[in-house]
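# Structural overview
Residues per chain are reported as follows:
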Number of protein chains: 2
Amino acid sequence: MKRFMAMSAAAVMTAAAMAAPADGSAGKSDGGRLSLLSPDKRLELTFQLSGFGEPVYTLSFDGQRVLDESRMGFDIRHEGGVNDIQPFMHDWTIAQSNTVLHPTQMHEGFRIDSVRRTSVDYTWEPVWGEEKEIRDRHNEMAVYLWQQTGADSTDGRTIVVRFRLFNDGLGFRYEFPRQKTLGYFIIGNELTEFNLHEDLTAFWIAGDYDANEFLYETSHLSEIAGLYPTFDRSGNSCICPMPVPGVQTPVMMKRDSGGLYVNIHEAALVNYSAMQLEVHDIGGGRTGFKAHLVPDALGNRGYIQTPQSTPWRTVIVTDNAPAVLESRLILNLNEPCAIEDTDWIRPQKFVGVWWQMFAPGQGTWSYTNEPNVQLGVTDYTRTAPNGTHAANTENVKRYIDFAAANNIQGVLVEGWNQGWEDWFGQFKDFVFDFTTPYPDFDVAELRDYAASKGVQLVMHHETSGSTLNYERYLDRAYQFMKDNNYSVVKSGYVGAIIPRGSHHYDQNTVNHFLHCIRRAADYEIMIDAHEPVRPTGLHRTWPNYLAAESGRGTEFESMGETGNPPEHTTIMPFTRFIGGPMDYTPGIFQTDMSYYDSTSVARIHTTLVKQLALYVVLYSPLQMVADLPENYERFQDAFTFIRNVPTDWDYTKVLEAEPGDYITTARKAKGEDKWYIGAITDENARTAVIDFSKLPLTKGKKYTATIYADGEDASWDENPQSYRITETTVTGSSLLEIPLARSGGVAIELR
Amino acid sequence: MKRFMAMSAAAVMTAAAMAAPADGSAGKSDGGRLSLLSPDKRLELTFQLSGFGEPVYTLSFDGQRVLDESRMGFDIRHEGGVNDIQPFMHDWTIAQSNTVLHPTQMHEGFRIDSVRRTSVDYTWEPVWGEEKEIRDRHNEMAVYLWQQTGADSTDGRTIVVRFRLFNDGLGFRYEFPRQKTLGYFIIGNELTEFNLHEDLTAFWIAGDYDANEFLYETSHLSEIAGLYPTFDRSGNSCICPMPVPGVQTPVMMKRDSGGLYVNIHEAALVNYSAMQLEVHDIGGGRTGFKAHLVPDALGNRGYIQTPQSTPWRTVIVTDNAPAVLESRLILNLNEPCAIEDTDWIRPQKFVGVWWQMFAPGQGTWSYTNEPNVQLGVTDYTRTAPNGTHAANTENVKRYIDFAAANNIQGVLVEGWNQGWEDWFGQFKDFVFDFTTPYPDFDVAELRDYAASKGVQLVMHHETSGSTLNYERYLDRAYQFMKDNNYSVVKSGYVGAIIPRGSHHYDQNTVNHFLHCIRRAADYEIMIDAHEPVRPTGLHRTWPNYLAAESGRGTEFESMGETGNPPEHTTIMPFTRFIGGPMDYTPGIFQTDMSYYDSTSVARIHTTLVKQLALYVVLYSPLQMVADLPENYERFQDAFTFIRNVPTDWDYTKVLEAEPGDYITTARKAKGEDKWYIGAITDENARTAVIDFSKLPLTKGKKYTATIYADGEDASWDENPQSYRITETTVTGSSLLEIPLARSGGVAIELR
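Calculation notes
- Residues numbered from 1 in each chain as written.
- Chains lettered and ligands numbered in written order.
- Predicted model: local features only at pLDDT ≥ 70, side-chain atom pairs only at ≥ 80, totals over all residues.
- Heavy atoms only, no water.
- Contact = heavy atoms within 4.5 Å.
- Buried area = accessible area lost by both parts, 1.4 Å probe.
- Salt bridge = Lys/Arg side-chain N within 4 Å of Asp/Glu carboxyl O.
- Polar contact = N/O pair within 3.5 Å; in protein donor to acceptor, adjacent residues only side chain to side chain.
- Helix = DSSP H or I, 4+ residues; strand = E, 2+ residues; numbered from the N terminus.
- Nonpolar A, V, L, I, M, F, W, Y, C, P; charged D, E, K, R; others polar.
- Pairing = 2+ DSSP bridges.
- Axes fitted to C-alpha atoms, helices over the stretch in contact; angles between N-to-C directions.
- Phe/Tyr/Trp six-rings, centres within 6.5 Å; stacked < 30°, edge-to-face > 60°.
- Buried < 20%, exposed > 50% of the residue type's maximum accessible area, 1.4 Å probe, protein only.
- Lys NZ or Arg CZ within 6 Å of the ring centre and 35° of its normal.
- Least-squares fit on C-alpha atoms with pLDDT ≥ 70 in both.
- Core = buried A, V, L, I, M, F, W, Y, C linked by side-chain atoms within 4.5 Å.
- pLDDT = per-residue confidence, 0-100.
- Arc of directions from axis to C-beta.

## A look at the interface of chain A and chain B
Note: interface size is frequently given as the accessible area lost on complex formation between the parts. Taken residue by residue, the interface counts 59 residues in chain A and 58 residues in chain B. Summed over both partners, the interface of chain A with chain B comes to about 5100 Å²; 53% of that surface belongs to carbon and sulfur atoms. The tally of links between chain A and chain B comes to two salt bridges. For the salt bridge of E471 of chain A with R472 of chain B, the shortest nitrogen-to-oxygen distance reads 2.7 Å. Inspection of the region where chain A meets chain B yields ten residue pairs in polar contact (both at pLDDT 80 or more). Of all elements in the fold, only α1 (86–96), β21 (303–305), α7 (467–483) and α8 (507–522) of chain A reach the threshold of two or more residues within the side of chain A that touches chain B. Class assignment for the residues of the side of chain A that touches chain B results in 22 nonpolar, 22 polar and 15 charged.

## Here's the deal with the sheet that holds strand β29 (residues 545–548) of chain B
Residues and elements named next belong to chain B. Reading across the sheet, the seven strands line up as β29-β28-β27-β26-β25-β24-β30 and stay open at both edges, with parallel pairing between neighbours. Only two strands of the sheet have a single partner each, and these edge strands are β29 and β30 (622–624). Within the sheet, the average angular offset between the axes of one strand and its neighbour, ignoring direction, is 25°. With three bridges connecting them, strand β24 (residues 348–353) and β30 associate as parallel partners. Considered in β30, the bridge of K349 is made with Q623. Strands β24, β25 (410–413) and β26 (456–462) of the sheet are contacted by helix α5 (residues 393–405), whose axis makes an angle of about 155° with β24.

## Some remarks on the environment of D650 of chain B
All names here are of chain B. Among the structural elements, D650 can be located in strand β31 (residues 649–658). Separated by 519 residues in the primary sequence, D650 and E131 have C-alpha atoms spaced 4.6 Å apart. Those residues in contact with D650 that lie beyond four places of it in its chain are E130, E131, K132, K668, A669, K670, G671 and E672. A distance of 2.8 Å separates the side chain of D650 from the side chain of K668, its partner in a polar contact. Among the polar contacts made by the side chain of D650, one reaches the main-chain amide nitrogen of G671 at a distance of 2.9 Å.

## Side note on the packing of aromatic side chains
All names here are of chain B. A full pass over the atoms with the stated rule returns 88 aromatic pairs over all chains. Seen in terms of ring centroids, F641 and Y676 are 5.9 Å apart; in terms of plane orientation they differ by 65°. Their pairing is edge-to-face. Here F641 is found in helix α12 (residues 636–644), whereas its partner Y676 is found in strand β33 (residues 675–681), with 35 residues between them in sequence. Y676 matches F641 in its accessibility class, with the two residues each being buried. Sitting over the face of the ring of Y662, R686 holds its NZ or CZ atom 3.6 Å from the ring centroid.

## With respect to the relation of the copies chain A and chain B
Between chain A and chain B, the superposition needs a rotation of 180° and an axial shift of 0.0 Å, giving an RMSD of 0.0 Å. Taken together, the rotation and translation relating the two chain copies correspond to the operation of a two-fold axis. Comparing contact sets, 98% of the residues at the interface of chain A also lie at the interface in chain B, consistent with an isologous, same-surface contact.

## Describing the pattern of salt bridges
If you walk through the whole model with that rule in mind, you get 92 salt bridges over all chains. With a closest N to O distance of 2.5 Å, R162 of chain A and E140 of chain A form a salt bridge. Of this pair, R162 of chain A sits in strand β10 (residues 156–166) while E140 of chain A sits in strand β9 (residues 134–148), placing them 22 residues apart in sequence. Take R162 of chain A and E140 of chain A: they sit in the same class, and that class is buried. Of the charged contacts in the structure, one is a salt bridge between R65 of chain B and D68 of chain B, with a shortest N-O distance of 3.1 Å. According to the relative accessible area criterion, R65 of chain B is partly exposed, its value standing at 22%. The network of salt bridges with shared partners includes E140, R162, R164, R173 and E175 of chain A.

## Overview of the nonpolar core
Counting residues in each nonpolar core, the largest one holds 200 residues, and the members touching the most others are F163, F289 and Y478 of chain A. Sort the elements by how many residues they give to this core and helix α10 (residues 608–617) of chain A lands first, with eight residues. Aside from chain neighbours lying at most four places away, what touches F163 of chain A is L36, L45, F47, Y57, M72, N139, E140, M141, V143, L170, G171 and F172 of chain A. Formed by 198 residues, the second largest nonpolar core is a distinct cluster that contains I316, L457, M459 and M593 of chain B.

## Overview of the confidence of the model for chain A
Residues and elements named next belong to chain A. With 93% of its residues at a pLDDT of at least 70, chain A reaches an overall mean of 92. Every residue in residues 1–20 is under pLDDT 50, and counting partners more than four places away or in other chains gives 38 contacts. Below pLDDT 50 for its whole length, residues 81–102 participates in 50 contacts with residues either more than four positions away or in separate chains.

## Digging into the environment of A390 of chain B
All names here are of chain B. Within the secondary structure, A390 is located in the loop between β24 and α5. Among the residues examined, A390 registers a relative accessible area of 2% and is labelled buried. With 27 residues separating them in the primary sequence, A390 and G363 have C-alpha atoms 5.1 Å apart. When near neighbours in sequence (up to four residues on either side) are disregarded, A390 contacts V353, Q356, M357, G363, T364 and N395.

## What to know about the sheet that holds strand β3 (residues 43–49) of chain A
Residues and elements named next belong to chain A. If you walk across this open sheet you meet the four strands as β2-β3-β4-β5, and the pairing is antiparallel. With one partner strand each, in any of the chains shown, β2 (34–37) and β5 (64–71) form the two edges of the open sheet. In this sheet, neighbouring strand axes are inclined to one another by 15° on average, regardless of whether the strands run parallel or antiparallel.

## Overview of helix α6 (residues 443–452) of chain A
Residues and elements named next belong to chain A. Regarding α6, the residues found buried are V443, L446 and A450. Buried positions in α6, seen along its axis, are confined to an arc of 65° and lie on one side of it. Buried positions along α6 lie against α5 (393–405), β26 (456–462) and α7. Backbone nitrogen of A444 and a side-chain oxygen of the N-cap are separated by 3.2 Å at the start of α6; the cap is D442.

## Examining the side chain of T554 of chain B
Residues and elements named next belong to chain B. Summarising the element assignment, T554 is placed in the loop between β29 and α9 (568–571). Look at T554 and you get buried, because its relative accessible area is 1%. A distance of 2.9 Å separates the side chain of T554 from the backbone oxygen of Y584, its partner in a polar contact. With residues up to four places along the chain from it excluded, the contact list for T554 reads W355, N564, Y584, T585, P586, I588 and I604.

## A few points about unusual backbone geometry
Here the amide bond leading from T249 of chain B into P250 of chain B is cis, since omega sits at 0°, within 30 degrees of zero. Here P250 of chain B lies in the loop between β16 (246–247) and β17 (251–254). The linkage connecting T306 of chain B with the following residue, P307 of chain B, adopts the cis geometry, with an omega of 0°. By the element assignment, P307 of chain B lies in the loop between β21 (303–305) and β22 (308–309). The phi dihedral of N407 of chain A is positive, around 60°, even though this residue is not glycine. Along the chain, N407 of chain A turns up in the loop between α5 and β25 (410–413). Within the chain, S743 of chain A stands out as a residue other than glycine whose phi angle is a positive 50°. Locating S743 of chain A in the fold gives a position in the loop between β37 (735–740) and β38 (745–750).

This is the structure we're talking about:
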């Protein structure tokens, strides 16, 4: 096991502007240019002011530019000092008519007031995760900028740009300190640029204020603008395309000739709108990115009261792909755990009344097919049951029995509560009350039955996008959960956000998601949020936030021919998972949907074994065992891997990876000398190379390896259920070469 | 006491279209015209379809037109049948960019499908109010309209226009029944017209989506458009003028030559946006009104799911002004009480730490004057107290003592909770958490102290307009109240609404206000809402909704020279109070603010005695005793009236009234043979005529009348505190003529 030396807190160094720091973090000084080096000195950040007093930064790796001169700052729609009251309200009225009274700027006319440098090296322990301990080692440079705003040279304000340079990348944020002359302001635009030096190949999804369950496009940066207008957003229930071409983060990039991997995202998105990225022409045929914050109903992009900081803008830079997956930069930029007692937070697997509603003809969320039923109006006991309602007491008991028998801690039930007949797409506020079950779902009986079997129930709260209605019922809903022994909630936000005019990813809704996480923590409830803003590492601070969806998961595989093509899960760890765990819902053994309905063209685009490997490759402390129990019963030997695989780890090593092509990941189970290895490939067959000498196995120990491999004749499209299970013995010097079928994989358990 | 004969429920009559009804409610039929008569046959409503199939109605009184042909209907922005899902979401995305994909109409091409007539006469007992019993006697006509919407003659939908004609006016609403072809739709505009036949004199305030604390303009209808642009909205913290000229309801109108009084408003505003009225030219130099619904952030004016009804549009029509004040039409159009056990609902008087913050230099809501303090960030125990914070434990005890000694049930405390330093005008979401007191306010000590004195505390919840934040904390806030023996909450909505883009009077915020009322009922909490949408009689259904502000109250008298001019309270009962009780906060004895600060030009625009009379003239079950205790101690004899006056009544008679001039009102105390009479006048002195023969006094009984009259030398501006208190004996045949000073009054107690 890898060991970091825990260093005594932070060695804090303060230096006046331009002075060379004593800690070795500064590079050479060049005129007004400030320099910051990473601990290993391979990354260099520079900062200076342009001739207009604009803040400008660059980033280099091994002496080569990654980001060319990139501007920073804000356009301000309104500002007011503390107690600057009436004009503010007046502005607001005018802002409603789309006129801006006092636009001001916070992007030029700056001077550098002071620079403070710090070096940090320590380790911390996450409540759960891919590692037992995480090392935070970085050099920091905080640049205090002064902007004169009045005729008098003393009229002005201070903002701070804080840079943290790690060996694997950069984080920086803006800070607006408490000060008399800067109380409240509204952000019109954040102007931060990421002007990439090379025309890298990007793995990207299109900018959108409400949806991100898209397939990834792979293209050069310079091709994004051309591809943007025809980007496929189908299958998403509520979309609002960014009106200018651009992408969502995390966006993964690589140099075609290798040796450079760059990932841009953000960390600790709190009380701010999500950052998307516009593409812009930076000359020489090159394309840069510029921050594009998701606007609210009034077109505003941020309401700030000092003291406040933006999220961290993150740029992971490495010379190999596995290092991107092993980066803990995002987590290190988040705040420490805010929950004192975390004993109640438990990583876990769960089954659920869920895939039944995606597999053709197997079940419905709704209880009746009568038209015009309506929550609070309809008496469901007087409607005709449709006979397909899956969340009935007997069926749920079957799932509870299955979970109890198979080392699965949770049972999710979707469709248990009244309102599903018109839950979707009606822009309706009061769809659910989160406490009223259908007549055939016996809350008390299931509570007692689950408890008798040692199984936890997972509550489902679909909001249909009405965060307003959900907040109205939130305390009652959480209390109902506690009263009935539910400790995890899967929340959902399918549909246009209500409050109307708000977006899934604006400041308002971002605040909603965090409000739920915090309030759930008060009730000791864990969260699996579907359709929220994509994660930014907040699970370090709020480890009850186990997982999110925020990306295209398995469900799309049931929705027609496209599904999730073979490369999809080889890209996701480089993009969606960079910010945090996803409830991807792996584990579908019956991959061909024509099994249920001969007319269905839908199928899972993997082999059965690749589904096993996903439990290792895709990290989440909350992993669904997504298929129907009866399908697992058909493949009991393969199911053994899912039964055994943990959801919490001491250590993780990515043995080989290339975005869009393949990933091989090894992980050590938490507190046990057991290892699990998963390898996946895209549409091309390949041979996974598993070099055990790269892993800190116990010296001299012989491990029994159970290998779940694709059958020789396996392939995702022609023979997905062909597999073979073998055993062998491995030591720290073993090397296995295992063939993977087209969109196949391998899963290995080492004991 | 007046007695109505209670008739057995409703005599329901159903008739096919055009058939003459058996109950005598129909007038003559003229071609395709339907007619409905009031029970006394003085009012006649007609309904017919225009040549375009537009629904058109008229209203006549004693054979003379009140409303000429007026159209009805809606413009629809979007519609979908039940489960018409994907197109709807797509439309929504487009609606965001202000493009409408499928505008349709619901205002022409109708045919009459059937007509159903009903007559009703019964009495009901309100939980509290101006009468012990209220008679609901009306004739009803429901017109079922069919609109063909497709090529096939069976493609179409039904809407119902339900008219109820009382002796004192008309109510009508639209009903959208449950039907397969009409599931969900969005209202672009409601097109209901009120085309007044005459150019009446109107008492009006300008249309505004967020504010109504305005002075009344008095002008002919034809002058409104010209006066609208310069209408004074100052002193309101958040305004959003209606973009076309028009007024808010209730709007009061009268014929200059007398004999006709008309009031337009609405009843039972539930899940719909408030109706304001645009003026429009109806030819011949005449001006009509057209409904103007308050839009939301997307410009939409109503989200409907069938079955749903609009609020009732109300037109009170009488030949004398007192009859307008005695009309119970609005209450009769509201639903019966929805609260089963109402024992906990108690009309009451209250004092409060409140006027201290308006009287110059007497106190502040805030605890500290330090800059940039912020809820959740600042530790208030470490800030420097400003020494002016009024809501401190000792001061509140003083109010509790005063209340206990003077038959006053409640003590309000404003400024008790953290956050007031920047509560106002910052468009800030998280201003208050509603449960965290300032360091100098001891919740437990005051809870116990108040209980020991038999006094109830009134909680204050200022939201700063963030209904979003309030709902987040609502359950916790109400539970905190129950835990600390608060049974009434005064809520406040000063500032722009958050969710941003929403308005105080749109459907979203209307729903918020009712949500609070319903949720408070669950906690057995009574509500006094400030800055909500103006009442529409919902206190019949939800009698825990004691009072609202929603109009220009006493507080404006402290804010400069204009204040509330003498006529103000002679108009308010005809306008603001038509919909329900107002927390006007009467009872200011120290009327001249220069008493506190010699530079102040502010003063109450009444005599002291008129302040007493307001307790009778302005009905509310929750009456503030608004002045400082020390001022009442200076006028103990006059204060006796306030100490004695009740807030709940068996019977009310308006003896004389003219909007803008004077009002004399007599009321009998609930369950006691005590009468209270209040008379007020405008800027002109006059003699109030109190004819006891008009009141159902106990026959032969001699009552002792204590008369609180203006002093001979009294006037609002020169000698407001001059009064004399006399006693006399009156019987059912007495007649008193009592002189009122300029903006003076008289208050009489009969035992």
